[in-house]
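# Analysis of the macromolecular model
Chain residues, written in single-letter form:
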Amino acid sequence: MGRGNVASLTPDRIVRLDDDAVVVLDQRRLPEDVVELRCASSAAVAEAIRTLAVRGAPAIGVAAAYGLALAVARGEDPDIAYETLAASRPTAVNLRWALDEMRADPTPERARRIHEDEVERCKQMSAHATVLFEPSSKVLTHCNAGGLATGGYGTAVGAIRAAWEGGLVEHVWVDETRPLLQGARLTAWELEELGIPQTVIVDSAAASLMALGKVDCIVTGADRIAANGDSANKIGTYSLAVLARHHAIPFYVVAPTSTLDPTTADGSGIPIVERSGDEITSRFPAHNPAFDVTPAELIAAIVTEQGVHRPPYLASLPRP
Ligand code: MRU
């Protein structure tokens, strides 16, 4: 496969189930190389999730659903497949949600429906989110919550896309997103293909842009949202929310109901994946948490496919 463009990034190119494998677009190689990775067992799907070949909470839920269908078709032990897939990324609740959905009906048809539903949810929440954008908005986003992260369309990037199409977005600031550069590699690529004006910044430039009045709102995705609205997302999201409060800029989270976890009371109960320090330095000791938790009190609104939810989130968030 050669260099592609996002307009042709159909959901089945991002992740799909073939007869003998779960096939994912290898996001570790983007944007330079547009190549597929074939995962011929549930263990291979779990490894693709662990190594971020497929990534973003909704997309890994979809990949895991396909992985469980593949496991059953291959005669693997379904319980071992379930546990192996569930352990590949504990922060994202979508993963366990999708696997639980598959338990009752572990067929390719069910997995494909989960995928279609996830993309549909993205479109609905993005349409709801447009009310949050003022005309000529300068928007800042972190990590990649685009089509690549959801199996199609995207959550935070989907919202930006819908607002852009409605003539509401002037510019997007894209945090590069240390240490694996999902912003600079993936979000920037998606926005370029969509024709949305953007500039990549180092994560630490966000504060000065806010101080200069060049950011009107911040929009991110989430890996898991606790019952009280505390939201886990890519490391660095929490610092953006603190900065946003200081500069009186609204901070919004856009995520499907499959990301809601009403069984976890607040953010202190969300497990945070710790990744290898080698992603930062191979010479010195390193601490590399992949996610952080933004307290609900810093979030102006959470948008799901059911609408725009305002604080207090314990009362306003839907029960999935
Ligand atoms: O480690 P990643 O790249 O999978 O982290 C992704 C994020 O933090 C996303 O913002 C989150 O999963 C939501 S994706 C719609």
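Placed above this text is the structure.
The rules behind the values
Residues numbered from 1 in each chain as written. Predicted model: local features only at pLDDT ≥ 70, side-chain atom pairs only at ≥ 80, totals over all residues. Heavy atoms only, no water. Helix = DSSP H or I, 4+ residues; strand = E, 2+ residues; numbered from the N terminus. Buried < 20%, exposed > 50% of the residue type's maximum accessible area, 1.4 Å probe, protein only. Pairing = 2+ DSSP bridges. Near = heavy atom within 4 Å. Polar contact = N/O pair within 3.5 Å; in protein donor to acceptor, adjacent residues only side chain to side chain. Areas by Shrake-Rupley, 256 points an atom, 1.4 Å probe, with all protein chains shown as cover.

## Concerning the side chain of Thr177
Tracing the backbone shows Thr177 in the loop between β5 (169-175) and α9 (182-194). You can call Thr177 buried: its relative accessible area is 0%.

## As for the pairing of strand β9 (residues 231-234)
In terms of strand pairing, strand β8 (residues 224-226) meets β9 through 2 bridges, oriented antiparallel. In the strand pairing of β9, Arg224 is matched with Ala232. Connecting β8 to the antiparallel partner β9 that follows it, the hairpin turn spans 4 residues, and Gly229 within it adopts a positive phi of roughly 100 degrees. Relative to strand β12 (residues 291-294), β9 is paired through 4 bridges, and the arrangement is antiparallel. Bridge pairing in β12 links Lys234 to Phe291.

## A word on the site of the ligand
Taken together, 18 residues lie around the ligand, and Arg55, Arg89, Asp223, Asn233 and Lys234 are the ones closest in. The separation between an oxygen atom of the ligand and a polar side-chain atom of Arg89 is 2.5 Å. Note that an oxygen atom of the ligand is positioned 2.9 Å from one of the side-chain N or O atoms of Gln182. Across the complex, the protein chains shield 99% of the 410 Å² of accessible surface that the ligand would expose by itself. Sorting the residues of the shell around the ligand by element identifies α3 (57-74), α7 (147-150) and β9 as the ones contributing at least two each.

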